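# Summary of the model geometry
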Amino acid sequence: MSINEIQNEIIEEFELFDEWEDRYTHLIELGKKLPILPEEHKTPDRIVKGCQSSVWLLPTLQAGKVVFQADSDAMIVKGLVSLLVRILSEQTPQDIATAELYMFEKIGMTQHLSMTRANGLASMIKQMRMYAIALS
Amino acid sequence: MLAHIDQIRADFPILQSRVHGKPLIYFDNAATSQKPKTVIDALTTYYQQSNANIHRGAHYLAAKATGEYEATRETVRAFLNARTEREVIFTRGVTEAVNLVAQTWGRQVLKQDDEILLSAMEHHSNIVPWQLIAQEKGAKIVVIPITEAGELRMDEFTKLLSEKTKLVSIVHASNALGTINPVKDIIRQAHAVGAKVFLDGAQSAVHLPIDVQALDCDFFAFSGHKVYAPTGIGALYGKEALLESMPPYHGGGEMIKDVDFEGSTYNELPYKFEAGTPNIADVIAFKAAFDYLQTLDREAIALHEQDLLAYATEAIQTIEGVRLIGTAPEKMSVLSFVLEGIHHGDIGTLLDMQGIAVRTGHHCAQPLMKRLGLSGTVRASFALYNTKEEIDVFITALRKAQKMLI
């Protein structure tokens, strides 16, 4: 699926929830389902700078596509990371670098995109784009 | 409970806001306080009726603005009980005040192997400026340890003092823990070995009565935005003889007496340290904040804030897995805590969704967090306009957040 197809799928998924509690509970559940990143990969150089919580990102290039593995020690952040992995993993570096991520606004998570250091979604996106460019 | 709390709340327009559809509960007062309408109005009034550059102009508005600007200085002098207005320097806040003293007094006095005593609970702004000058001069930073409860180890402090100690720079009340330090004792002991004392009053000025003469501190700094005044303004107090002996900080207009390409002479205190056109509007609105506090019973406010802290401290301990960080007997209205197995950032987000503003993280005190073995805490800090009803909502919201995260 293309990046936008996945984004639209996520938007539809979140449209089922009217209350913020349900949206966040869903986000937390998605985080819990994120494949485990083995401890040996959680090295300081893989920590995304600019996040209050620790976020580890491990990119690899497989058959011309970037595969992201990730983890975080905070649950909401991990939920956000899981969405990013779902959208951007197994895409081409070119698509990752140029993707327009409109989804967060549509699912009511806009506040996480602000440049506060509280969770650093913006920093994660920037880091993923940089990895994609570096791997292309 | 403070009388007329509803009236007080009505004085702060932002408290009527809703956040994520819920009434705002603002518990991030240790980061910055909200502003009463009189302070906000003072800014507008200044630009509409008094705007002019000060001290120089030959016209009516310049005289008016200068008068209002200098009236704030007298108000700050009285607030701190400084001896004269020459001892009150306007700065952008505590951070600039520390940098000013480090780069002037520090540059002039510090030598190889001299020691600067800081505590393990300092804010980064009372660490980094000293590191910068210490590295340059070959001086050393020595750290006063703290107990598990977040109190200074006064026994260790006494042992660390020596003739090498040139300065003790210490936070009056900790932003991350709330601990009120025994500064009078610290100052007395530091002076006994000939060291100067800088007090970081960022948190204390709003809650405690400050008397720099009774304290006998050499420097005291606080920020306006934490005492209901605008951002970008604060004050540095220094003993007059010390300030006189110090070289200027920034060069430029206003701070000079006579300028020649061969050399310049400098203006008298306090102008020697106020180069360039100052932050006139915020200085004038700074006074409006003190005027506002004057209309209230400050003793009753202090009791109210202590009452809120005691109420919240008791209520939060009914939640399983809560651990209070900072349990000194003498505390400001700061409630710092962690919830077992839950990241502080997650709590912050879920409280925010319920309209409650708290601070999470290391509170710009990374060495303190490392000492306590924490990556951060959740901090609720109370001000005069907060209520027990808000604390009840906060406790319920915290339980809800915990349930969602486990």
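Residues numbered from 1 in each chain as written. Chains lettered and ligands numbered in written order. Predicted model: local features only at pLDDT ≥ 70, side-chain atom pairs only at ≥ 80, totals over all residues. Heavy atoms only, no water.

### Observations regarding the sheet that holds strand 13 (residues 322-324) of chain B
All names here are of chain B. This is how it is decided: In short, DSSP must find at least two bridges between two strands for them to pair. Here a helix means four or more residues in a row that DSSP labels H or I, a strand means two or more in a row labelled E, and each is numbered from the N terminus. Think of each axis as a best-fit line through the C-alpha atoms, taken over the contacting stretch in the case of a helix, with angles from 0 to 180 degrees between the N-to-C directions. Whether two residues are in contact is decided by their heavy atoms: any pair within 4.5 Å suffices.
Strands sit in the order 13-14-17-16 across an open sheet of four strands; the sheet is antiparallel. Single-partner strands in this sheet number two, and they are strand 13 and strand 16 (359-361). When strand polarity is set aside, the average angle formed by the axes of neighbouring strands in this sheet is 30 degrees. In this sheet, strand 17 (residues 377-381) lies alongside strand 16 in antiparallel orientation, the contact comprising three bridges. Looking across to strand 17, one finds that Arg359 is bridged to Arg379. Set on the sheet, helix 13 (residues 344-352) makes contact with strand 14 (334-339), strand 16 and strand 17; between it and strand 16 the angle comes to about 160 degrees.

### Details of the pairing of strand 11 (residues 256-260) of chain B
Residues and elements named next belong to chain B. Judged from the four bridges that link them, strand 11 and strand 12 (residues 263-266) form a sheet pairing that is antiparallel. Looking at strand 12, one finds that Val259 is bridged to Ser264. In sequence, strand 11 turns back onto strand 12 through a hairpin of two residues.

### Examining the interface of chain B and chain A
Accessible area lost when the parts come together is the quantity often used to give the size of an interface. Quick reminder of the rule: Each of two parts loses accessible area, computed with a 1.4 Å probe, when they are put together; buried area is these two losses added. Salt bridges are counted wherever a side-chain nitrogen of Lys or Arg sits within 4 Å of a carboxyl oxygen of Asp or Glu. Two N or O atoms count as a polar contact when they lie within 3.5 Å, although within protein this holds only if one can serve as hydrogen donor and the other as acceptor, and sequence-adjacent residues are included solely when both atoms are side-chain atoms.
Each partner contributes to the interface: chain B provides 17 residues, whereas chain A provides 15 residues. Where chain B abuts chain A, roughly 1,400 Å² becomes buried across the two surfaces, and 61% of that area is made up of carbon and sulfur atoms. Contact with chain A buries surface across chain B, with B:His343, B:Met353 and B:Met404 losing the most and accounting together for 38% of the total. A:Glu21 is the partner of B:Lys400 in a salt bridge, and the nearest nitrogen-oxygen pair spans 2.5 Å. For the pair chain B and chain A, the interface holds three residue pairs in polar contact (both at pLDDT 80 or more). If you list the elements that add at least two residues to the side of chain B that touches chain A, you get helix 13, strand 16 and helix 15 (388-405) of chain B. Element by element, the count of residues in the side of chain B that touches chain A is highest for helix 13 of chain B, at six residues.

### Comments concerning the pairing of strand 1 (residues 55-62) of chain A
Residues and elements named next belong to chain A. The sheet contact formed by strand 1 and strand 2 (residues 65-72) spans eight bridges and is antiparallel. The residue of strand 2 that forms the bridge with Val55 is Ser72. The loop that links strand 1 with its antiparallel partner strand 2 comprises two residues; one of these, Ala63, has a positive phi angle of about 50 degrees.

### Considering the confidence of the model for chain A
Heads up, the condition is: A residue's pLDDT is the predictor's confidence in that residue, given on a scale from 0 to 100.
For chain A, per-residue confidence averages 91 on the pLDDT scale, and residues scoring 70 or more make up 96% of the total. Confidence scores differ between elements of chain A, with helix 6 (residues 121-135) of chain A showing the lowest mean pLDDT of 90 and helix 1 (residues 3-15) of chain A the highest of 97.

### Describing the confidence of the model for chain B
In this model, chain B carries an average pLDDT of 96, and 100% of its residues clear a pLDDT of 70 or more. Here the complex is predicted with pTM 0.95, and the ipTM for its interfaces comes to 0.91.

### What about the packing of aromatic side chains?
This is how it is decided: Pairing of aromatic rings covers Phe, Tyr and the six-membered ring of Trp, with a centre-to-centre limit of 6.5 Å; geometry is then stacked below 30 degrees between planes, edge-to-face above 60, and tilted otherwise. Lysine NZ or arginine CZ positioned within 6 Å of the ring centre and within 35 degrees of the ring normal marks a charge as sitting over the ring.
Tallied over the full model, the rule gives 19 aromatic pairs over all chains. Plain terms: the ring middles of B:Tyr46 and B:Tyr47 are 5.0 Å apart, the flat faces sit at 65 degrees to each other, and that makes the pair edge-to-face. Members of the aromatic cluster, connected to one another through ring pairs, are B:Phe79, B:Phe220, B:Phe222, B:Phe286 and B:Phe290. The ring of A:Trp56 carries the charged tip of A:Lys42 above its face, separated from the ring centre by 5.1 Å.

### Digging into the packing of helix 3 (residues 60-80) of chain B against helix 11 (residues 280-294) of chain B
Residue and element names in this part refer to chain B. Stated formally: Relative orientations are named as follows: roughly parallel for angles under 35 degrees, roughly antiparallel for angles over 145 degrees, roughly perpendicular for angles from 65 to 115 degrees, and oblique for any other angle. Less than a right angle of anticlockwise turn of the near helix away from the far helix marks a crossing as left-handed, whereas a clockwise turn marks it as right-handed.
Helix 11 packs onto helix 3 with a crossing angle of 45 degrees between their chain directions and a minimal axis gap of 9 Å. As far as their axial angle goes, helix 11 and helix 3 are oblique. Where helix 3 crosses over helix 11, the handedness of that crossing is left-handed. Along its contact with helix 3, which presents Ala65, Glu68, Tyr69, Ala71, Thr72, Thr75, Val76 and Phe79, the element helix 11 presents Ile280, Val283, Ile284, Phe286, Lys287 and Phe290.

### Brief notes about the sheet that holds strand 5 (residues 115-119) of chain B
All names here are of chain B. Pairing is mixed in the open sheet, where seven strands are placed in the order 4-10-9-8-7-5-6. Looking along the sheet, the strands with just one partner apiece sit at the ends: strand 4 (88-91) and strand 6 (140-144). Averaged over all pairs of adjacent strands, the angle between strand axes in this sheet comes to 20 degrees, irrespective of strand direction. With three bridges connecting them, strand 8 (residues 196-200) and strand 9 (residues 219-223) associate as parallel partners. Each residue of the ladder has a partner; that of Asp200, found in strand 9, is Ala221. Those strands touched by helix 7 (residues 183-192) are strand 7 (165-171) and strand 8, and its axis lies near 155 degrees from that of strand 8.

### Let's talk about the packing of helix 3 (residues 75-88) of chain A against helix 6 of chain A
Residue and element names in this part refer to chain A. Look at helix 3 against helix 6: their axes get within 11 Å of each other, and the N-to-C directions meet at 30 degrees. As judged from the angle between their axes, helix 3 and helix 6 are roughly parallel. Between helix 3 and helix 6 the crossing geometry is right-handed. Each of Val77, Leu80, Val81, Leu84, Val85 and Leu88 in helix 3 lies in contact with helix 6, whose residues at this interface are Leu121, Met124, Ile125 and Met128.

### Some words on the side chain of B:Arg9
Residue and element names in this part refer to chain B. Put simply, the rule is: When accessible area is computed with a 1.4 Å probe and restricted to protein chains, residues below 20% of their type maximum are described as buried, those above 50% as exposed, and intermediate ones as partly exposed.
Tracing the backbone through its elements, the reader meets Arg9 in helix 1 (residues 5-10). Relative accessible area serves as the criterion here: at 16%, Arg9 is assigned to the buried category. Setting aside anything within four residues of it in sequence, one finds Arg9 in contact with Leu15, Gln16, Tyr385, Asn386, Thr387 and Glu390.

### Describing the domain arrangement of chain B
Residues and elements named next belong to chain B. For clarity, the cut-off: How far each domain reaches was decided by an automatic or database domain assignment. Gly counts as polar in this scheme, as do all residues outside two lists: the nonpolar Ala, Val, Leu, Ile, Met, Phe, Trp, Tyr, Cys and Pro, and the charged Asp, Glu, Lys and Arg.
Domain boundaries assigned for chain B yield domain 1 (5-30 + 297-405) and domain 2 (41-293). Here domain 1 and domain 2 have C-alpha centroids that lie 28 Å from each other. Surface buried jointly by domain 1 and domain 2 totals about 2,600 Å² across both partners, of which 57% is contributed by carbon and sulfur atoms. At the boundary of domain 1 and domain 2, one finds one salt bridge. With a closest N to O distance of 3.1 Å, Arg371 and Glu148 form a salt bridge. At the surface where domain 1 touches domain 2, the tally comes to 18 residue pairs in polar contact (both at pLDDT 80 or more). Elements supplying a minimum of two residues to the side of domain 1 that touches domain 2: helix 12 (298-316), strand 14 and helix 14 (366-372). Looking at the side of domain 1 that touches domain 2 residue by residue, the class counts come to 19 nonpolar, seven polar and seven charged.

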